[in-house]
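Breakdown of the fold
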Amino acid sequence: MAVPVEEAVAALSTFSLEDDQPDAQGLAIMLLGGRHATKSPIDYEDVAAYRLSLSEDTKSINHLNVLVQEGREMVAVLYTYRSCVKALPQLPDSMKQSQADLYLETYQVLDLEISRLREIQHWQAAAASKLAFDMQRFSRPERRINGPTITHIWSMLKLLDVLVQLDHLKNAKSSIPNDFSWYKRTFTQISTQWQDIDSMREELDDLQIFLSTRWAILSNIQVELFRVNNVEDILQVLILFCVETLESESAMLYSQRHALLRVLPVLVALAMSSEKDGDAIFKKVRVTRLINLFKRDLVIPAFPDLHLAPASMLKELAGHFQRFSAQSRLFSLPSPHEMAPREAIEYQKHYSIVNHIAGIRLEHDEFVLRYAAALNQLQLLKVADAAADELNKEIKDSMFECLLEGFQFLSKWTGQVWEQCAWKFSRPCKDVFPLDEDHSTPVSDYEKVVRCNYSQEERKALVELTSYIKGIGAMLEGVDAFVADCVWEAIHSQVQDFVQNKLAIMLRTSFKKKKDLGRVLSDMRTIAADWMGNSSRLDPEQQGRRGNDENAISFLPRPVAPTAAQLHCLQFLIHELVSGGTPKKSGGFFGSNDAEIPSNDMRQLENFCNRLAFYPHILDFKATLSHVTDLGFLWFREFYLETTHVIQFPIECSLPWMLVQHIIGSEDTGLLESVLMPFDIYNDAAEHALHVLKQRFLYDEIEAEVDLCFDQLVFKLSEHMFGHYKSYSASKMLDPTFLAAAENAERFVVSPKRYDALFKMRRVQLLGRSIDLAFLIGQRMNKIFRENLDYLFERFESHDVCSIVELQQLVEVLRCTHELLSNHLMLDPFKAMLSEMTEAISLVSFSGRISSQVFAEIQNDLLPNFILCNTTQRFVRSSKTCQRAVPRPPAPHAKSSFLWGNHDLNMAHATLSQLYSKFFGLPHMLAAVKLMGHHTLPWLIQALLDLLSQKVTNSLDPRVADLRGALPKAISIPSFDGGLAGCLNTLQEQLQWVLNYEGKGETLQCLKEIGNLIFLMSLLDTVMRELETEQFMQIAPWLGLVPGNDCQINQVLTEDQSSPFVSLFKEATAAILSHPGCLSPASFISMPNQVEIAETIFMNIVHSGSILDYTLAFLSAVLDTVHTKWNTLSKTGLIEITTTRDFHRIYSGIQFVYCGEPLDESTTNQERYGDGVSWGGCAIVYLLGQQIRFELLDFAYRVLNVAELEHVSTAQTTLAERIKQASPLHNQEVETFLENAKKARRINSHVFSMLKARCPLEEKPACMIKQSGSMVPRIKYPMTPSAFKTLPHKACTMEKPSIPVSKVSS
């Protein structure tokens, strides 16, 4: 069944098209729509219907308005004129024969531009003649009664203003006479063969005189104007109108005020150049009033980058106007560049916005409150069923007053921006500084008036005022259609109240006996009264006979605004009415009238007349709003482009971009929400270039700058946001104890900033385009994260492996930053970016950037240059004399935001990271595992095992072979009878094969690297067990794993013999499939099978083995390749004590050397090789099954046993005393040897205990020899028990633990 249209429309009205994007931008009206005023198609043609003899007046007004529009187009042509000669090519000497062709082409190009100048010359002559003729008409006796209407006065002043602007531009543009002189030169060259060129020459001469003469247009006006007599009267009227309008500040728009300020000096100069007494003007307008106006507005905006000074204009026009009567007081006014410094400071306070921003801020806040209250009341009124007429009128009048007040505020604030710019252009900065300090480039004039001329406080004030203007403009634009009826109804109500009630009271009181004036009031009622066909209409006499309460006529409110003709006629009649009274506010109408109008009635007429001037602007709501919020003039710089001879200025000199840079770099976080407001200046400038100046090249320049600036905005905003959130994350990761102990800990606290509004900007209107700012910031953020990761990895590659803890912390901070920004922006997953930057994103890539660098550092630096400290379980760097050089790339340079966010946090975290930079231990291995992940960790393990195999087979095996070759046939074990000294002497004599071996240092180094590798794998195993235990605790409840009574792991299954994880998904799948609303059941059928596969994967984590156990097994397999050489079988089946050539005998000799004299005089053997020698040698001895033989036959152990036997001999002197009796040097060496041997035995015992616990060997039977010489077979010699009870027991083996399963019903 079809839905009725009414219901469909009502349903559509319930949908909301609004989103959460804040109003952080200005009007941003589409360029295609334009911002032009709505032009009335009738052009006051309905004035004749009111029979007021205004037909001739309206025709003149329309003609003047046409001339004004044409003149503005001429002004646009002159303002945007750029020299064509600069773009013309210059022929080389080899092509001089083509000079004639070049002249012809040049002439054809320049003729198009010069033709426009001819049009301007002809137009200004016609406009001056029309303006002079129009003024002369009001100087005739027959027109002295009425005088010009207000609209006519404004039209004449606008045309005069256009002529002044045109003349000022002609004087300022030096490229125009230059192009003309080049044009005339080419004309002379190519016109030699032409005919009848005399007229063309005369025309060119006239044009040359026009272009080269200063103030030629105003001089022409002066000549045309004074062709008749009595023109001084109309000049006085215009001057009086300008003065009184400026003093009363009754001009609603700032452009009207600036126009009056521009034409007032010209009018004064014209009046003073009269043949009559030029000073007669000062009888009606005292000179002090003019001086006060000229002093108050010393600089007048003429164009975006050009200004006028009344004092300078008067002084200059005095030399161009004939019969100019000099008024010394007017000529005493100083020009802007002639003022004393103290006086300039006072004017600086007047023009600078920073001195008025406090009052502007108060006006803005109060207006926003009143506007919001009025708008809320109007919204409630429209949804209410019915409301009293008085309440309805009060609310709508309040809304109208708010709108009018808003327009007045916007006009005043925009005018202040214009005037500040004009003042800045008139007072260039003297203390300039180059844009690039590295290059001594000269500072241009434009930089002196813009870039160097605005302080930080002034930029902040301008940003704030721009935000106020654009913010209120956006507020008013949003209610354009909503308040249209309210505006029309309020204007209709005010007009009807005046003409039906107040005029009726005047007719029966003040004007009762004044028939002529009463006729004027009756005409006003006839023209504007809206009786709405009401038959109860009363005459003024009848209305006066009624009671006081019934005097006011009630009329129904109607949203019908008066026409432009009605407003024009009402203004004319009011001035006709008051022309006989005092001219204080009458606009200077001449003629006398004996009629006396009461002050109260005069005040009402004046107020209503001022209101009539506001109505056309507020009725043309959109055009007026666009005009009073237009700040596009802040971008234009045509005059300075010409004077500095450059194509365009850099964006750092552009005022809108300067404001954006100030916002981004400011510490005031409240300004960030206004960062898009200056970009609306570009929208205004582009609209002005297309629709007013009508120049495509200007729009192209604006578009090019906007593209560059917006890219810079996205770049800087992204950097700013990234740095802030990076600092915030880094501050949260600081240790609380560090903050408690630090001085000025508040500098490590990062305050929040207002980025929320910018994160929601999805539709930024810029040059007619809608831009997703949040998307662009997200794109840039992705790039920044990747650049930051790449910088961190490059930084890690330029340092040793000890910096991996800092790298892991930096990556963690970056991860936290990504998490914070992901709440507002669409970012790539951090894991994907990390995999991409570590080059581990491919399915066949088993080694990443981090794992490759870690392995390279372990191989090239950690193993050879670090020593193991078994007590602290750490690797520390050996002395510098023992280190190998490791080539590394230089450390990259980057911003502070790529580390910890800002300078203070960088210093704090650097202090904490310094604690981990001198060693490599468990924290470093944990950081490495977290960074590499399980994807590349197997590759690292395999690479380390391969390196271990190479160390054994390629490095250690050749050296062991050399030592076995140098080994004597028999080495006897010293007896206890010879004592300590005899034992040492005997061993040193028998161990010359080791002491004299040249490669003993390399052999110790090789054993150290093997031991370091084994200990490194034990660290990796510890870290992996810690992480796997943590992961096991997370997945155990889902798999049903619980601890059993026998310290084993039991699995609790449900009734269907499944784990809780699988059972939960089976039940969920069954529930989904049984639901009738399931649309695609096939996609859920395979879910239980997938869950079972996942369960298998998780169970493998529980069954994971030990890395250390695998390492020892791998090393045992490697030793099998040299087992026959390093572990020979005894021919007799007994232990060979003196003739053995097994590895334990080689290692005993090496250990004896290690405990003896240092191989390098600069450092001890312990400082050079550390405890890694013991780890490497003992591991090989143990895995070869030679532990017992080593402990039984080791040379160092033998010395310790002899020393201990002497020490326990209480009947003799102590060992220490006996050592002191020997030579001091020899005693010190023996004592050092004993200390080293004791330490080596302790470490060996620890390593053997650990190896037995992690990799127990099979207990093999041996034979015992009795004293009689007979053997007792099959005696088991167990492994030496561990001296450290904290080591793990035999329960931890390489085999996978079996998990007993117990069936438990759920």
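Structure: above.
One structure accompanies this document, and this report is about it.

Procedures and definitions
- Residues numbered from 1 in each chain as written.
- Predicted model: local features only at pLDDT ≥ 70, side-chain atom pairs only at ≥ 80, totals over all residues.
- Heavy atoms only, no water.
- Phe/Tyr/Trp six-rings, centres within 6.5 Å; stacked < 30°, edge-to-face > 60°.
- Helix = DSSP H or I, 4+ residues; strand = E, 2+ residues; numbered from the N terminus.
- Buried < 20%, exposed > 50% of the residue type's maximum accessible area, 1.4 Å probe, protein only.
- Contact = heavy atoms within 4.5 Å.
- 1 Å grid on protein atoms, 1.4 Å probe; cavity = no way out; pocket = protein on both sides within 12 Å on 5 of 7 lines; lining within 4 Å.
- Points joined across faces, edges and corners; volume = space filled by probe spheres on them.
- Nonpolar A, V, L, I, M, F, W, Y, C, P; charged D, E, K, R; others polar.
- Axes fitted to C-alpha atoms, helices over the stretch in contact; angles between N-to-C directions.
- Parallel < 35°, antiparallel > 145°, perpendicular 65-115°, else oblique.
- Left-handed = near helix turned anticlockwise from the far one by under 90°.
- Pairing = 2+ DSSP bridges.

Evaluated as defined, the whole model comprises 41 aromatic pairs. Each ring, one from Tyr446 and one from Tyr640, has its centre 5.7 Å from the other, and the planes form 55°; the classification is tilted. Residue Tyr446 is located in helix H17 (residues 445-449), and its partner Tyr640 is located in helix H25 (residues 638-644); the two are separated by 194 residues in the primary sequence. Neither residue differs from the other here; Tyr446 and Tyr640 are each classed as buried. A centroid spacing of 5.5 Å and a plane angle of 75° characterise the contact between Phe875 and Phe1015, whose relative ring orientation is edge-to-face.

Turning our attention to unusual backbone geometry. With phi around 55°, Lys694 is a residue other than glycine that occupies positive phi space. Along the chain, the position of Lys694 falls in the loop between helix H27 (679-692) and helix H28 (696-732). At Leu767, a position not held by glycine, the phi torsion is positive, near 55°. Within the fold, Leu767 resides in the loop between strand S3 (764-766) and strand S4 (769-771).

This brings us to the environment of Gln256. Structurally, the position occupied by Gln256 is in helix H9 (residues 254-272). Residues Gln256 and Leu246 lie 10 residues apart in sequence; the distance between their C-alpha atoms is 9.7 Å. Not counting chain neighbours up to four residues away, the residues in contact with Gln256 comprise Trp154, Ala251 and His617.

Turning our attention to empty space enclosed by the protein. Scanning the model with the defined rule gives 5 cavities of 30 Å³ or more in all. Lining the largest cavity, in full, are Pro304, Cys421, Lys424, Phe425, Tyr446, Val449, Val450, Tyr454, Phe633, Leu634, Phe636 and Leu655. Of all the secondary-structure elements, those providing two or more residues to the lining of the largest cavity are helix H16 (389-426) and H17. Here the lining of the largest cavity takes 3 residues from H16, the largest share from any one element. Class assignment for the residues of the lining of the largest cavity results in 11 nonpolar, no polar and 1 charged.

Quick look at the packing of helix H32 (residues 804-822) against helix H36 (residues 922-966) now. Where H32 contacts H36, the two axes come as close as 8 Å, and the packing angle between them is 45°. The angle between H32 and H36 places the two elements in the oblique class. For H32 against H36, the interelement crossing comes out left-handed. Listed contacts from H36 to Ile804, Val805, Leu807, Gln808 and Val811 of H32 are Pro923, His924, Ala927, Ala928, Lys930 and Leu931. Tallied by class, the residues present in the contact of H32 with H36 amount to 8 nonpolar, 2 polar and 1 charged.

The next thing to look at is the environment of Leu169. Locating Leu169 in the fold gives a position in helix H4 (residues 150-172). Judged by relative accessible area, which is 1%, Leu169 ranks as buried. Sequence-wise, Leu169 and Phe303 are 134 residues apart; in three dimensions their C-alpha atoms are separated by 9.0 Å. In this view, Leu169 contacts Val75, Leu78, Tyr79, Phe303 and Leu306; residues no more than four positions away in its chain are not counted.

Taken in spatial order, the 3 strands make up an open sheet running S5-S6-S7, and their pairing is antiparallel. Either end of the sheet is taken by a strand with one partner, and the two such strands are strand S5 (866-869) and strand S7 (919-920). In this sheet, S7 lies alongside strand S6 (residues 874-877) in antiparallel orientation, the contact comprising 2 bridges. From the neighbouring strand, Phe875 faces S7, where its bridge partner is Phe920.

Side chains on a regular strand alternate between the two faces of the sheet. In this sheet, S6 lies alongside S5 in antiparallel orientation, the contact comprising 4 bridges. Bridged to Cys869 within S6 is Arg874. Counting the residues in the hairpin turn of S5 and S6 gives 4 residues, including Gln873, whose phi is positive at 60°.

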